[in-house]
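Fold and contact review
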Amino acid sequence: MNNLVESFIPGRVRLRSSLLKSPAAPLILAAFEDLPGVRSVELNRLTGSLLLKYDAAVLTAERLMPALPLLEQIKALEREAPAPACTERLRALLEQLRALIGR
């Protein structure tokens, strides 16, 4: 399992990252809120945690699994935050994530 993904059960994913404590947190939150089948996204900036609740019939494991490499790349950006170049790479990765999962 990806280090960014702390826990996963169908219908519920918890992500943990220092990026979720940074000014980039709203970008990440918005990227997941826009996905089809998402019921709620709860951000806790104090703990750097994001809880994503979704309809497992809409966002199936087959649709989510290809996103793991992108999540790994997002996690790797923690070492570079909060540099402006990091934010631009994060935006690009989140756009790829939305395109991949949101189809």
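In this text the structure is predicted, and so the values were computed from the model without any measurement. (Residues numbered from 1 in each chain as written. Predicted model: local features only at pLDDT ≥ 70, side-chain atom pairs only at ≥ 80, totals over all residues. Heavy atoms only, no water.)

1. Topic: the sheet that holds strand 1 (residues 5-9)
Selection criterion: Here, a strand pair is defined by DSSP locating no fewer than two bridges between the strands. Secondary structure is summarised from DSSP: a helix means a run of H or I of at least four residues, a strand means a run of E of at least two, and numbering begins at the N terminus for each. For helices, the fitted axis covers only the stretch in contact; all axes are lines through C-alpha atoms, and the angles between them, taken along N-to-C directions, range from 0 to 180 degrees. A contact between two residues is defined here by any heavy atoms of the two lying within 4.5 Å.
Across the sheet, which stays open at both edges, the four strands sit in the order 1-2-4-3 with antiparallel pairing between neighbours. Strand pairing shows two members of the sheet lacking a second neighbour, strand 1 and strand 3 (38-44), which therefore form its edges. Across the sheet, the mean angle from the axis of one strand to that of its neighbour is 10°, orientation sign disregarded. Each of strand 2 (12-16), strand 3 and strand 4 (49-54) is contacted by helix 1 (residues 25-33), which is oriented at about 165° to strand 3, the strand it contacts most.

2. Thoughts on the side chain of Ser22
Our working rule: Burial status follows relative accessibility: with a 1.4 Å probe on protein chains alone, a residue under 20% of its type maximum counts as buried, one over 50% as exposed, and anything between as partly exposed. Pairs of N or O atoms are called polar contacts if they sit within 3.5 Å, as long as, within protein, a hydrogen donor faces a hydrogen acceptor (for residues adjacent in sequence, only side-chain-to-side-chain pairs).
Within the fold, Ser22 resides in the loop between strand 2 and helix 1. By relative accessible area, which is 11% here, Ser22 ends up buried. Separated by 2.7 Å, the side chain of Ser22 and the backbone oxygen of Leu19 make a polar contact.

3. A word on the pattern of salt bridges
We count it as follows: We count a salt bridge whenever a side-chain nitrogen from Lys or Arg sits within 4 Å of a carboxyl oxygen from Asp or Glu.
The tally for this structure, following the rule as stated, stands at six salt bridges. We note a salt bridge from Asp55 to Arg39, for which the minimum N-O separation is 3.9 Å. You can see Asp55 sitting in the loop between strand 4 and helix 2 (61-64) and its partner Arg39 sitting in strand 3, a full 16 residues away along the chain. One salt bridge in this structure joins Arg91 and Glu88, with 3.4 Å as the shortest N-O distance. Of this pair, Arg91 and Glu88 both sit in helix 4 (residues 84-101), three residues apart, which is roughly one turn of the helix. The exposure class of Glu88 is partly exposed, given its relative accessible area of 48%.

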